[in-house]
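Chain and residue survey
Here is how the chains run, residue by residue.
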Amino acid sequence: MSTGSVQGWSRLSQAETALAALVDHDLVSIRCRQLKFQFGGGRSALRTRPYGEAGAVHTGETFAGVYRVGDKYLPEAFERMNYVLRDFRTEEVFPMDPRILDILSLLYERLDASESYQVLSGYRSPKTNAMLRGEGTGVARNSFHMYGQAIDIRIPGQNTKIVRNTALDLRAGGVGYYPRSNFVHVDTGKVRSW
Ligand SMILES: [Zn+2]
């Protein structure tokens, strides 16, 4: 802000001055990123058992809101997201990698979606990962889910294959497609697909 402009603002109200200061610092163009998702949720989601996990019950808990303003990730939003995305079998909460949430947010924008994401798997403790591996379900030994760097999703009303293709176009990390269980895996690892 130059000294010259400060003088001109002396006639403005406090609120106007504050707004002008924001404009002066380009803060008004700061971009908010938001997300909405539900852990499991919906009858079809509950009927589908990804990885063949018998009797898996998702919580149906939700997050909806802004989680990032400009380059600042909002701690309150992460507290809630980390909780909803926890390992629901062991009740372990793990800090999710903000980049995976950025990927989901960008993907959502590209798809021009309106429904909440249905999350089929977020954080997975080593214990749960080993258990799922034991069921011979194709779960990776060193899964990105164990580091809070992967999420399995679908969006009601969106063709999952299109969700997969759009995720591939982002070239932001790994993308796995599971047509039989109707979901897409995204992670923050190297760009690759299966
Ligand atoms: Zn996954």
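Structure: see above.
Being a predicted model, the structure only gives us computed values, none of them experimental. Throughout this document, residue positions are counted from 1 along each chain, in the order its sequence is written. Side-chain atom pairs in this predicted model are given and counted only at pLDDT of 80 or more, local residue features only at pLDDT of at least 70, and totals for whole chains, interfaces and linings cover all residues.

1. Here's the deal with the overall build of the chain
Just so we agree on the cut-off: Secondary structure elements are taken from DSSP: a helix is a run of H or I of four residues or more, a strand is a run of E of two residues or more, and numbering for both begins at the N terminus. Partly exposed residues are those falling between the two cut-offs: more than 12 but fewer than 20 other C-beta atoms within 10 Å of their own, whereas 20 or more means buried and 12 or fewer means exposed, with C-beta atoms placed from the backbone. Two residues qualify as being in contact provided that their C-beta atoms, derived from the backbone, are within 7 Å of each other.
A count of helices and strands for the chain gives seven helices and eight strands. Taken across its 194 residues, the chain has 29% of its residues classed as buried. Within the chain, residue pairs in contact and separated by at least 24 positions form 61% of the contacts whose partners lie at least 6 positions apart.

2. Considerations on helix α7 (residues 160–170)
Our working definition: Each C-beta atom gives one direction from the helix axis, and the arc is the one those directions make.
For α7, the set of buried residues is Val-163, Arg-164, Thr-166 and Ala-167. Projection of α7 onto a plane perpendicular to its axis shows the buried side chains occupying an angular sector of 165°, all on one side. Exposed residues pointing more than 90 degrees away from the buried face of α7 are listed as Lys-161, Ile-162 and Asp-169. Looking at the buried residues of α7, the elements they touch are α5 (98–111), β5 (150–154), β6 (174–178) and β7 (183–187). Backbone geometry just downstream of α7 places Arg-171 in the positive-phi region, at approximately 45°.

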